[in-house]
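Next come the chains, spelled out residue by residue.
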Amino acid sequence: MTKPAGRADWLAHAGRAVLTFSVLVPAVELWRIGVLGSGADLAIAIGATAAYLPLHLRHVYHGLKGRRPRAAVATLAVMTAVMVSAWWLIGQQWVFMFASLAVSALCALPTRFALTAATAVVLWPLLYYDWSPGLADGVYSGPYLCLSLLFRTTSLFAVIWLVAASRRLSGVRAALSAAAVRAERAALQEDLRATLGRPLTEVAALSVHADTLAGRRDAATADAVAELVTASRTALTDVTRLVDSYQRVAARTELEAAAALLSGAGIDAAMVRAARESGALVLPVAPDQAARP
């Protein structure tokens, strides 16, 4: 069973937005390095970003699908090596890029390892950088860097997790709907077998008996045919009654759903039931008229 087109479109748009955001964040940081750093720092940053970004986008793409990518540990290790090397050459301005590494760890590793790795990536500036540095352009404190990494990581991964959870929920809903259809079909077959099995078996037996008598030109053929017709009419009545009961159950369910919608809109659902019972059309009274004495 396929999921609704509207939900599928929403998930596709959300996935593309997340991938776009995953590219925009490093682009903004490259702009920061270009403004505050040297030309050599910008060249190193562009090369390092071009090396790690495809791996990061691969991790995010699989995270949106709710599954781990192949060679997750190896690609994460390569990404870590590139980012640490760039930080060693560029310095503090590169620290903000580590948010992408934390998000990749959350997407690529099992939960028990992912949380540990992401926490380490977010907290390490607290141990490495001064908490109260002197005021200067491009100099940040350890707590500021830590909070920046935490904000960037949670902002992106929360959306990734929501999209992945929505995909899983859609799959579960489709599976439950298919299971409900199978259960309803099985119940219907059992009901048909219990209700119509015996009359139809009797009709079949009478048909064979009448055919046998007719083949022998027996005088009792007319009585056998009459009995067959009576049994067939009885079976047809049972079939009609059963089908009508199914239609009434379906109509009752639809009526209750419609009444709930009407009640939510401020219309008395009892009027709907009264209209159905009387077979007439009952128009609801406008709220301003109902308030008049």
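Residues numbered from 1 in each chain as written. Predicted model: local features only at pLDDT ≥ 70, side-chain atom pairs only at ≥ 80, totals over all residues. Heavy atoms only, no water.

Attention now moves to the overall build of the protein. Regarding its fold elements, the protein presents nine helices and zero strands. Counting from the amino terminus, the protein carries its helices and strands in the arrangement α-α-α-α-α-α-α-α-α. Sequence separation of at least 24 residues holds for 65% of the intrachain contacts in the protein that already meet a minimum separation of 6. Only carbon and sulfur atoms are counted for the fraction: they give 66% of the accessible area of the protein, which is about 18000 Å². (Helix = DSSP H or I, 4+ residues; strand = E, 2+ residues; numbered from the N terminus. Contact = heavy atoms within 4.5 Å. Areas by Shrake-Rupley, 256 points an atom, 1.4 Å probe, with all protein chains shown as cover.)

Moving on: the side chain of His59. Looking at the secondary structure, you find His59 in helix H2 (residues 39–65). If we ignore the near neighbours within four places in the chain, the residues touching His59 are Pro69, Ala72, Thr75, Leu76, Met79, Ser104, Cys107 and Ala108.

Right, let's talk about the nonpolar core for a bit. Ranked by size, the top nonpolar core spans 34 residues in total, and within it Met83, Trp94 and Phe98 carry the most contacts. Non-local contacts of Phe98, meaning those with residues more than four positions away in its chain, are made with Met83, Val84, Trp87, Val121, Trp124 and Leu149. Ranked by size, the runner-up nonpolar core spans 10 residues in total, among them Val18, Val60, Leu64 and Val103. (Core = buried A, V, L, I, M, F, W, Y, C linked by side-chain atoms within 4.5 Å. Buried < 20%, exposed > 50% of the residue type's maximum accessible area, 1.4 Å probe, protein only.)

We note that Ala71 has phi near 55°; this positive angle belongs to a residue other than glycine. Relative to the assigned elements, Ala71 resides in the loop between H2 and helix H3 (72–90).

Let's shift gears to the side chain of His56. Checked against the element boundaries, His56 lands in helix H2. Within the local environment of His56, its side chain forms a polar contact with the backbone oxygen of Ser100, the two atoms lying 3.2 Å apart. Residues within four places of His56 in sequence aside, it is in contact with Ser22, Met79, Ser100, Val103, Ser104 and Leu156. (Polar contact = N/O pair within 3.5 Å; in protein donor to acceptor, adjacent residues only side chain to side chain.)

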